[in-house]
Amino acid sequence: MSEKEVQGTEKEVQELERVTICFAGDSGDGMQLTGSQFTNTTAGIGNDLNTLPDYPAEIRAPVGTLFGVSGFQIQFSSSDVHTPGDSPDVLVAMNPAALKVNLPNLKDNGIIIINTDSFQSRNLTLAGYESNPLEDGTLSAYQIFPVNITGLTREALSDLDLNMKIKDRCKNFFALGMTYWMYSRPMDMTENWIKSKFKGKDDLIEANTKALKAGFSYALSTEIFTTSFRIPKAAKKPGLYRNITGNEGIAFGLITAAKKSGRELFLGSYPITPASDILHELSKHKNYDVKTFQAEDEIAGIGAALGAAYAGALGVTTTSGPGIALKSEFMGLAVMTELPLVIVNIQRGGPSTGLPTKTEQSDLLQAFYGRNGESPIPIIAAAGPADCFHAAFEAARIALQCTTPVILLSDGYIANGTEPWLIPDPDKIPEIKIKQPALDEKYLPYKRDPERLSRLHALPGTPGLEHRIGGLEKEDVTGNVSYNADNHDKMVRIRADKVGRINRFVENPELVGKDHGDLLILSWGSTYGPILAAVKDLQKKGKEVSWCHLRWLNPLPINLDRFIYNFKTVLIPEINLGQLSKIIRAEYLIDTVGFNRVRGLPLKTNELLAEIDVILKGLE
Amino acid sequence: MEPIQLTKDDFTSNQETRWCPGCGDYSILAQMKKVLPTLGIPRENFVFVSGIGCSSRFPYYLETYGIHGIHGRAPVIASGVKLANPNLKVFVITGDGDGLSIGGNHLIHLFRRNIDITIVLFNNQIYGLTKGQYSPTSEKGKITKSSPYGSLESPFNPVQMALASGASFVARSIDRDPKHLEDTLARAAKHKGTAFVEVYQNCNIFNDGAFLSLTEPKEKKKHLLKMEHGKPFIYGENDELMLTWTGKNFKVVNKDLNENGHEILTHDENGSGPAMEFMLASLSLDAQLPTPIGIFRAVERDTYDDMMAAQMNATKKKKGEGDLKTLFTGGYTWTND
């Protein structure tokens, strides 16, 4: 279909740089599917994008309720996109509850496409509306597009011999079709997807395709929609792309690290939201020598991974929230036995069960200190969905080369969110070389590499290198059990030193801006996107700020003390009450200013900009 | 390839054994060292995994690969070792506290999965390393440091637990009967699948004499029933007693008389059915009836490790050896020029 045919002739086409759309409806309305279809098409025509699904913890929440609302937000643009957008320009609300939940977030004068068929008294009551917001002036500040989506979908499918329930299920494709017209997206990618998804069920292929096309034609022909929009291609780095979630990124990064180190990948894991998708993804790839073990509990998950690491696999465990608390004791054993192990923590709202499907950065101090004894573990944090691939690879590399457990921190936001990933050339990814003990000399399990202080790990099955390790304190060099006071003091220091010097074997984080000035923003993890957007905005306005986004938290990078003292204010935005702030204050003896929002959501660029504005004004 | 010639000395590590003098653990270690060279497995392929407790020091004293893990978790470490490298011969060494209290959950799931691992549980019915509190196998009313007025808990029967969880090999032996222990350990080690051996083990410091009636030369013949495959259950000072079945429960009779004509049972290790296995295991709880040792169950069923390997091979056959490029481009892709 050519662009001209798509657009029709009479209507105005406006060019936009960026748009944020939120698709919202009942859990059963298929909003995640609608969002991901819009995403794939948008990626396919060359816009940059970033997405955030927001779904309830309940699997099938009662229909029409506020807590049953499922949303999918996407920001897309002809220039760089770093976040799913602070507030949507467009809200597609399939029922009153979806409107109620998402309206406070919408931009002033934003567009609302409403399925009017669902605005009946029962649904209004369930959503807590006393009168119909379509009629009582609630929405007067917005551009409203009322469409009887359910009725129109039924009409479009009237000649199909399907029951009403199935027909009604197609209404999300009708809504998708309308947005495709509004934002000048082609339908063929979704049509192809429908064909492969419902292969062998010709009636469903026909119904969903018809609904999609009907939505598109309706928007094209009805007088309600006067303008459609065009968002030109983004100038992304050339290359082959795919969309990737953070959890897929971690799975791929781990498989790559295993291949590049010549080891099998062994995942010991217990299902937990929002980490389970890594287990699901890895369990598909048995032909990549990936072994997945769904353990009886969180403890068994990490224990099996550690056992596998001793036997020569790349041992990995994945978890979230309370799961990480259960793994603490085994993490201590991994520290003592100095075995390579990757512990992936997809942080979620806490404490306790907390907010299982929401995001948070509140496990940083636990990662640092949440174990008995002096128990140092390197910590790396992923900055975004695509970066999860690189962070997972790096975590595995350090674990294997420095014989240590490594904690990889991600969170619910980047775990489920997506962005385009520039697919790397596998041949250009470096090998991970691991030193092996010599077979012709006496094996000393705790003899160390002088540079890394790593030990050489003899794999079971190797003749002549039989040895025992365990959780009791080890004698330096021999690894025999030792209760000697001076030896313990020495070993505590060696373990700290081994982790402390890892910053020599990883890249320093980039400092954006000058190495001195009024304001340094220091950040880590998933706040990368919102902060990058804020920093770009400030630079555009000619304001001077510097920014350093940390990748390794433990140890802190070598280059940080070259500039951290040179700023009047160090601002640390976090989705917690100031955990990195505590560490920076302790390590560098400087004051810091926090920007802390703990709402289970990513930070908002606009709120951060407002805060920075206040700080900069105060410094003038 | 030449047959492997190993002796028990090949399995002795340079570590000084640190159990209390007179501890039953010495006997178990000695019998294990006799068994290991007979298995035809190279020394470097043995891995001993333990948890925490007196028993769990075991791996340090063997010149094999080994991990002294954390409390109760040896079964999960061992599972990871075996699944990562199925060529290894993996043992779990645990005790009644380690295996049945803090680690009970892991043990039952290992039985259920039937991973090819041999488990030896030292049951001394007391917490030794923490100096004498009652354990999950201590008898009800036990007076200990933590139960000065008597414990309120009913004990676990480890053999019943293993049977109920689906273990494919379940046996019991005793530290003071070296020959029986050696034979039982050998059978367990040769079993393919999860093999469980409960060993009655005397803690001469905190629970001395717990199994006296089964070990004292004068007493033991009256109380100890050695089960043998295909044979009737006969015991007694002069082998005069026999265990029979009334249709409802066991009855001990004089083997030559059996006046009421109860059913004479013959032991069938290879699946006498869960009811009979369970009833035999329960005998140890009744002071009036003999305590059986030997093999309760030895059946073959698919091991988790074999099935995992089969699944991986089948996937490779179907999809081909995985290469990264295919992985990365598996979803919807597009090119930016």
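Residues numbered from 1 in each chain as written. Chains lettered and ligands numbered in written order. Predicted model: local features only at pLDDT ≥ 70, side-chain atom pairs only at ≥ 80, totals over all residues. Heavy atoms only, no water.

1. Topic: the domain arrangement of chain A
Residues and elements named next belong to chain A. Definition in use: Each domain's limits were defined by an automated method or a database of domain assignments. Any two residues whose heavy atoms approach within 4.5 Å are treated as being in contact. A 1.4 Å probe defines the accessible area here, and the buried area is the portion of it lost by two parts on being joined, summed over both. Salt bridge, as used here: a side-chain nitrogen of Lys or Arg that lies within 4 Å of a carboxyl oxygen of Asp or Glu. Here a polar contact means two N or O atoms within 3.5 Å. Within protein one must be a hydrogen donor candidate and the other an acceptor candidate, and residues neighboring in sequence count only if both atoms are side-chain atoms. Only Asp, Glu, Lys and Arg are considered charged, only Ala, Val, Leu, Ile, Met, Phe, Trp, Tyr, Cys and Pro nonpolar, and every remaining residue, Gly among them, polar.
Domains assigned within chain A are domain 1 (3-230), domain 2 (242-428) and domain 3 (511-619). Placing a centre on the C-alpha atoms of domain 1 and another on those of domain 3 gives a separation of 36 Å. In this assembly, 6 residues from domain 1 lie in contact with 10 residues from domain 3. Taking both sides of the interface into account, the surface hidden between domain 1 and domain 3 amounts to around 680 Å²; carbon and sulfur atoms contribute 52%. Taken as a group, His82, Thr83 and Asp86 account for 69% of the area that domain 1 buries against domain 3, more than any other trio of residues on that side. Where domain 1 meets domain 3, there are 1 salt bridge. We note a salt bridge from Asp80 to Lys536, for which the minimum N-O separation is 3.0 Å. If you look at where domain 1 meets domain 3, you find 5 residue pairs in polar contact (both at pLDDT 80 or more). When its residues are assigned to classes, the side of domain 1 that touches domain 3 shows 1 nonpolar, 3 polar and 2 charged.

2. Here we look at the pattern of salt bridges
Residues and elements named next belong to chain A. Put simply, the rule is: Strands here mean DSSP runs of E at least two residues long; helices mean DSSP runs of H or I at least four residues long; both are numbered from the N terminus. Note on classification: 1.4 Å probe, protein chains only; a residue is buried when its accessible area is under 20% of the maximum for its type, exposed when over 50%, partly exposed between these limits.
Under the criterion given, the structure shown has 52 salt bridges over all chains. Residue Arg154 is joined to Asp168 by a salt bridge in which the shortest nitrogen-to-oxygen separation is 2.8 Å. A residue pair is termed long-range when its members are at least 10 positions apart, and Arg154 in helix 5 (residues 149-156) and Asp168 in helix 6 (residues 164-168) qualify at 14 residues. On the basis of relative accessibility, which here comes to 35%, the residue Arg154 falls in the partly exposed class. For Glu338, the salt bridge goes to Lys498, with nearest N and O atoms at 2.9 Å. Residue Glu338 is found in the loop between helix 14 (328-337) and strand 13 (341-347), and its partner Lys498 is found in helix 18 (residues 485-500); the two are separated by 160 residues along the sequence.

3. Topic: the sheet that holds strand 5 (residues 90-93) of chain A
Residue and element names in this part refer to chain A. What counts here: Any two strands with at least two DSSP bridges between them are considered paired. Only C-alpha atoms enter the line fits that serve as axes; for helices the fit covers just the stretch in contact. Angles between N-to-C directions range over 0 to 180 degrees.
The mixed open sheet is built from 6 strands, whose spatial order is 3-4-2-5-6-7. Each edge of the open sheet is held by one strand with a lone partner, namely strand 3 (48-54) and strand 7 (143-147). The sheet shows a mean angle of 15° between the axes of neighbouring strands, taken without regard to direction. Running over the sheet, helix 2 (residues 31-44) touches strand 2 (18-26), strand 3 and strand 4 (69-77) and is turned about 10° from strand 4.

4. Brief notes about the interface of chain A and chain B
Of the residues lining the interface, 73 residues belong to chain A; the matching set on chain B comes to 61 residues. Summed over both sides, the interface between chain A and chain B buries roughly 5,400 Å², with carbon and sulfur atoms accounting for 61% of that surface. For the chain A face of the interface with chain B, the top three residues by lost area are Asn287, Glu466 and Arg468 of chain A, together amounting to 14%. If you look at where chain A meets chain B, you find 4 salt bridges. Its salt-bridge partner being Asp289 of chain A, residue Lys316 of chain B comes within 2.4 Å of it at the nearest N-O pair. Remark: the boundary between chain A and chain B carries 31 residue pairs in polar contact (both at pLDDT 80 or more). Secondary structure elements with two or more residues in the side of chain A that touches chain B: helix 2, strand 9 (239-245), helix 10 (246-261), strand 11 (290-294), helix 12 (298-311), helix 14, strand 16 (418-422) and strand 17 (468-470) of chain A.

5. Here's the deal with the pairing of strand 10 (residues 250-254) of chain B
Residues and elements named next belong to chain B. Bridge analysis of strand 9 (residues 241-245) against strand 10 gives 5 bridges, and the strand direction is antiparallel. Note that in strand 10 the partner of Thr244 across the bridge is Lys251. The hairpin turn running from strand 9 into strand 10, its antiparallel successor, is 4 residues long, and Gly247 in that turn takes a positive phi close to 105°.

6. As for the side chain of Asn157 of chain B
Along the chain, the position of Asn157 of chain B falls in the loop between strand 4 (117-123) and helix 5 (158-164). Excluding anything up to four places from it in sequence, Asn157 of chain B contacts Arg172, Ala281, Ser282, Ser284 and Leu285 of chain B.

7. Comments concerning the nonpolar core
Just so we agree on the cut-off: Residues belong to one nonpolar core when they are buried, are Ala, Val, Leu, Ile, Met, Phe, Trp, Tyr or Cys, and are joined through side-chain atoms within 4.5 Å.
Residues Leu560 and Ile584 of chain A are the most contacted members of the largest nonpolar core, which totals 101 residues. The biggest single contributor to this core is helix 12 of chain A, with 9 residues. Split by domain, the residues of this core number at least three in each of domain 2 (242-428) and domain 3 (511-619) of chain A. With 53 residues, the next largest nonpolar core counts Ile278, Tyr413 and Ile432 of chain A together with Leu324 of chain B among its residues.

8. Details of the packing of aromatic side chains
Each aromatic ring pair is specified by the distance between its two centres and by the angle formed by the two planes. Quick note on the threshold: A pair of Phe, Tyr and Trp rings is counted when the ring centres sit within 6.5 Å of each other, with Trp represented by its six-membered ring. The angle between the planes then sorts it: under 30 degrees is stacked, over 60 is edge-to-face, the rest tilted. Any Lys NZ or Arg CZ that is within 6 Å of a ring centre and within 35 degrees of that ring's normal is treated as a charge sitting over the ring.
By the definition in use, this model includes 33 aromatic pairs over all chains. Summarising the aromatic geometry, the rings of Phe252 of chain A and Trp421 of chain A are spaced 6.1 Å apart at their centres and angled 45° between planes, so their arrangement reads as tilted. Note that Phe252 of chain A is positioned in helix 10 and Trp421 of chain A in strand 16, a separation of 169 residues in sequence. Of the two residues, Phe252 of chain A and Trp421 of chain A, neither departs from the other in class, the shared state being buried. Three or more aromatic residues joined by ring pairs make a cluster, and in this case those are Phe11, Trp19, Tyr26, Phe46, Phe48, Phe58, Tyr61, Phe91 and Phe122 of chain B. The ring of Tyr129 of chain A has Lys100 of chain A sitting right over it, with the charged end atom 4.8 Å from the ring centre.

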